[in-house]
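# Residue-level structure breakdown
Residues per chain, in single letters:
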Amino acid sequence: MVKADFGSDFQWGVSSAAFQTEGAWNIHGKGPSIWDTFTRRKGKIKNGHHADVASDFYHRYQEDIAFVKKLHIPNFRFSVSWPRILPAGIGSPNTKGLDFYDRLVDCCLQHEVDPWVTLYHWDLPQALQDKGGWTNRDVLSWMEEFAALVAGRIRDRVKHWMVLNEPTVFTGAGYFFGVHAPGLTGLRNFFPAAHHAALAMGRVGRLLRSEVPDAAVGSTFSCSGIHPATNRRRDVEAAKRADALINRLFIEPVLGIGYPVMDLKALKGIEKYMQAGDDSLLPFDFDFIGIQNYTREVVRHSYFVPYLKARICSAKSRGARPITDMGWEVYPESIYDMIKKFGAYPNVPKIYVTENGSAFPDTVANGEVADLQRLKYLQSHLAQVLRAKQEGLNVHGYFVWTLTDNFEWAEGYDARFGLVHVDFQTQQRIVKASGKWYGTFLDDQPAT
Ligand code: GCO
């Protein structure tokens, strides 16, 4: 497998997110985000880790973008910290925050790296959470204000925009299970948060299209192949319900199909939060869809799980091998299946894999990190992307998650996903074997 197999217009990249990397949580006028609050709550993050410093990208972005260049990666996806540029969520902008993204975009371009921007990668301003956050329909106008401010500053140089990162995860983990910020639980939080997130994609998508006329506008969706544990009917039905929740809940309203209520009856509860006319506000003709895949899930019927009546069988309990540091089974066919699944919807113009990667325990020996499991993971997943491409499926790009080791949400710093190793004591960076491999793979002029 060589880069040329994917065609010359295939987009290659690496993805990152503000809260996981920037640190600088309270300097130069930044306001607190829901994650700053959440990481301070006892027992919420493994080992009591927080992201006050993280991988210090706010101060080290030049060094990190130099790695992107050195590894011949042509596209860098990052997110904008909303509370860094609007400390109170709305109202007066923080010039120093905007200046940071201005410098970051320029730094990318100086290195001939194309910047791809995610607007919302989960770090809502705490001031807005105090008003209900995603459960408050006003979030739509708050987010428009944020998006217009970002667009106004960098639209002349940024052509790829993503509205939300993984709405299923931030509404599910943050507003139903309470394991991510803001730590809320229950359907009375989840349903309004989910509906407003679904509406935000179209609302902000339309705004970006008018503010940035030549923009490619997208949004990113988490997805996993869902397999029934057995072919007994009740497990097959359970897998269908899990698929509706995990893979279909957000893409289908955006594509004009509506919420997948037929296959997950409990979703009917979302209708309580719908207003007249919402049916026509949900769909938006995105220029591209970002899909983010890491693993598959095996699902079994369960009477004990309310609403869903299904449970995920952990990779460990199934004896699956290999398993990553996140407890996820390595199952490369899943990425092919997801490209096929999302590509089968009508009106999906282009799919980019905007995240794929793995966490494994890394060791530094003689200044090197021989992360062969991660390397193999990337190669085996790319082979499946190529398979999809060669079958004529609609996939046009692939981004590795992620550039440097960083703050992995509730897992803290234990789960390392980077192509570049970070010593969180010294902030010293070492390119891992996987990073070197990706760099060689992408090099157009390999040394002979
Ligand atoms: C996600 C996020 C990333 C995670 C990655 C690994 O999309 O879940 O975009 O922030 O770090 O997925 O879990």
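In this report, we go over the structure that sits alongside the text. As a convention, each chain's residues are numbered from 1 in the sequence order in which they are written. For a predicted model such as this one, the threshold for reporting local features is a pLDDT of at least 70, and the threshold for listing and counting side-chain atom pairs is 80 or more; totals across whole chains, interfaces and linings nevertheless cover every residue. Excluding hydrogens and water, the side-chain figures rest on all heavy atoms present in the structure.

## Describing the overall build of the protein
- Segments assigned H or I by DSSP are reported as helices when at least four residues long, segments assigned E as strands when at least two residues long, and all are numbered from the N terminus. Each helix and strand counted, the protein has 16 helices and 15 strands in total.
- Computation of the radius of gyration draws on C-alpha atoms alone. For the globule rule, the value is 2.2 Å times the number of residues to the power 0.38. In summary, the protein has a C-alpha radius of gyration of 21 Å against a globular reference of 22 Å for 448 residues, a match within 12%.
- Oriented by its inertia axes, the alpha-carbon framework of the protein measures out at about 60 × 55 × 45 Å.
- For the protein, the residues scored as buried account for 58% of the 448 residues in total.
- Restricting to contacts in the protein with at least 6 residues of sequence separation, those with at least 24 account for 76%.
- Averaging the locations of the 51 positively and 49 negatively charged side chains of the protein gives two centres separated by 7 Å. Each residue is placed in one exposure class: buried if its accessible area under a 1.4 Å probe, protein chains only, is under 20% of its type's maximum, exposed if it is over 50%, and partly exposed if it falls in between. Any two residues whose heavy atoms approach within 4.5 Å are treated as being in contact. His is not counted, nor are the chain ends; Lys and Arg add positive charge and Asp and Glu add negative charge. Charged groups are reduced to one reference atom each: NZ for lysine, CZ for arginine, CG for aspartic acid, CD for glutamic acid.

## Some words on the nonpolar core
- By size, the foremost hydrophobic cluster in this structure holds 137 residues, and its most contacted members are Trp134, Met143, Trp161 and Tyr398.
- Here the element with the most residues in this core is helix α9 (residues 187-211); it accounts for 12 residues.
- Residues contacting methionine 143, with those up to four places away along its chain left out, are Trp82, Leu119, Tyr120, Trp134, Val163, Leu164, Ala200 and Val204.
- Core analysis: the second largest hydrophobic core is formed by six residues, Trp116, Phe288, Tyr352 and Phe399 among them. Within this scheme, the nonpolar core is defined by two criteria: the residues are buried Ala, Val, Leu, Ile, Met, Phe, Trp, Tyr or Cys, and they are joined through side-chain atoms within 4.5 Å.

## Side note on the pattern of salt bridges
- What counts as a salt bridge is simple: a side-chain nitrogen of Lys or Arg found within 4 Å of a carboxyl oxygen of Asp or Glu. Within this structure, the stated rule accounts for 34 salt bridges.
- The partner of lysine 46 in a salt bridge is glutamate 411, with the nearest N and O atoms 3.6 Å apart. Separated by 365 residues along the polypeptide, lysine 46 in the loop between α2 (34-39) and α3 (57-70) and glutamate 411 in the loop between β13 (395-401) and β14 (420-423) bring together distant segments of the chain.
- The class of glutamate 411 is partly exposed, set by a relative accessible area of 26%.
- One salt bridge in this structure joins arginine 209 and aspartate 285, with 2.8 Å as the shortest N-O distance.

## Points about the sheet that holds strand β4 (residues 160-165)
- Think of it this way: DSSP has to see at least two bridges between two strands before they count as a pair. Judged by pairing direction, the barrel is parallel, and its eight strands sit side by side in the order β1-β2-β3-β4-β5-β7-β10-β13 before closing back on the first. Here the strands of the sheet are splayed against their neighbours by 25° on average, with no regard to which way each runs.
- As judged from the four bridges shared by β4 and strand β5 (residues 216-222), these two strands associate in the parallel manner. Note that in β5 the partner of histidine 160 across the bridge is alanine 216.
- To define axes, lines are fitted to C-alpha atoms, for helices over the stretch in contact only, and angles between the resulting N-to-C directions are given on a 0 to 180 degree scale. Sitting on the sheet, helix α8 (residues 167-175) is in contact with β3 (114-120), β4 and β5, with an inclination near 25° to β4.

## A look at the sheet that holds strand β8 (residues 296-301)
- The strand order β6-β8-β9 describes an open sheet built from three strands, whose pairing is mixed. The two strands at the open ends of the sheet, each matched to only one other strand, are β6 (225-228) and β9 (310-313). On average, each strand axis in the sheet is tilted by 40° relative to the strand beside it, whichever way the strands run.
- Both β6 and β8 contribute to a ladder of four bridges, which runs parallel. Residue pairing across strands places glycine 225 opposite arginine 296, the latter belonging to β8.
- Each of β6, β8 and β9 is contacted by helix α10 (residues 233-248), which is oriented at about 130° to β8, the strand it contacts most.

## Regarding the packing of aromatic side chains
- Only Phe, Tyr and Trp rings are paired, with Trp represented by its six-membered ring, and only when their centres lie within 6.5 Å; those with planes under 30 degrees apart are stacked, over 60 edge-to-face, the remainder tilted. Per the counting criterion, the structure on display carries 41 aromatic pairs.
- Centre to centre, the rings of tryptophan 35 and phenylalanine 407 are 6.5 Å apart; their planes meet at 75°, and the pair counts as edge-to-face. Taken together, the positions of tryptophan 35 in helix α2 and phenylalanine 407 in the loop between β13 and β14 put the pair 372 residues apart, joining distant regions of the chain.
- Here tryptophan 35 falls in the buried class, since its relative accessible area comes to 1%.
- Phenylalanine 407 sits in the buried class, given a relative accessible area of 0%.
- For a ring to carry a charge above it, either NZ of a lysine or CZ of an arginine must fall within 6 Å of the ring centroid while also lying within 35 degrees of the normal to the ring plane. In this arrangement the basic side chain of arginine 296 is found over the ring face of tyrosine 331, its NZ or CZ atom lying 4.1 Å from the centre.

## Regarding the environment of methionine 143
- Its place among the elements puts methionine 143 in helix α7 (residues 139-154).
- Methionine 143 sits in the buried class, given a relative accessible area of 0%.
- Measuring from C-alpha to C-alpha, the distance between methionine 143 and valine 163 comes to 9.5 Å, with 20 residues separating the pair along the chain.

## Topic: the side chain of threonine 404
- Mapped onto the fold, threonine 404 is located in the loop between β13 and β14.
- Setting aside residues up to four positions removed in sequence, threonine 404 forms contacts with Ser55, Asp64, Gly418, Val420, Val422 and Arg429.

## Some words on the site of the ligand
- Proximity criterion: a residue is near a molecule or strand once any of its heavy atoms comes within 4 Å of it. The local shell around the ligand holds 13 residues, among which Gln20, Glu166, Glu355, Glu408 and Trp409 are the closest.
- One of the side-chain nitrogen or oxygen atoms of tyrosine 294 is found 2.9 Å away from an oxygen atom of the ligand.
- Accessibility throughout is a Shrake-Rupley quantity obtained with a 1.4 Å probe, and a residue counts as covered only by protein chains that appear here. About the coverage of the ligand: the protein hides 95% of its 310 Å² of free accessible area.
- Across the shell around the ligand, the residue classes break down as six nonpolar, four polar and three charged. Counted as a polar contact is a pair of N or O atoms within 3.5 Å, where, for protein atoms, one must be capable of donating a hydrogen and the other of accepting one, and residues adjacent in sequence contribute only when both atoms are in side chains. When residues are sorted by character, Ala, Val, Leu, Ile, Met, Phe, Trp, Tyr, Cys and Pro go into the nonpolar class, Asp, Glu, Lys and Arg into the charged class, and all the rest, Gly among them, into the polar class.

## Side note on the packing of α10 against helix α14 (residues 333-343)
- For the pair α10 and α14, interaxial distance at closest approach is 13 Å and the crossing angle is 85°. Viewed along their axes, α10 and α14 adopt a mutual orientation that is roughly perpendicular. Along the contact surface, α10 presents Asp243, Asn247 and Arg248, while α14 presents Met338, Lys341 and Phe342.
- Residue composition of the contact of α10 with α14, by class: two nonpolar, one polar and three charged. An angle below 35 degrees is treated as roughly parallel, one above 145 as roughly antiparallel, one from 65 to 115 as roughly perpendicular, and anything else as oblique.

## Comments concerning the pairing of β14
- With four bridges connecting them, β14 and strand β15 (residues 428-431) associate as antiparallel partners. Paired with valine 422 across the two strands is arginine 429, which belongs to β15.
- What sits between the antiparallel neighbours β14 and β15 is a turn of four residues, in which glutamine 427 has the positive phi angle 65°.

## Concerning the side chain of glutamine 20
- Topologically, glutamine 20 is positioned in helix α1 (residues 18-21).
- One polar contact links glutamine 20 to glutamate 408, side chain to side chain, over a distance of 3.5 Å.
- Once residues lying within four places of it in the same chain are set aside, the contact partners of glutamine 20 are Ala54, Ser55, His121, Trp401, Asn406, Phe407, Glu408 and Trp409.

The values reported here are purely geometric and, on their own, carry no functional implication.
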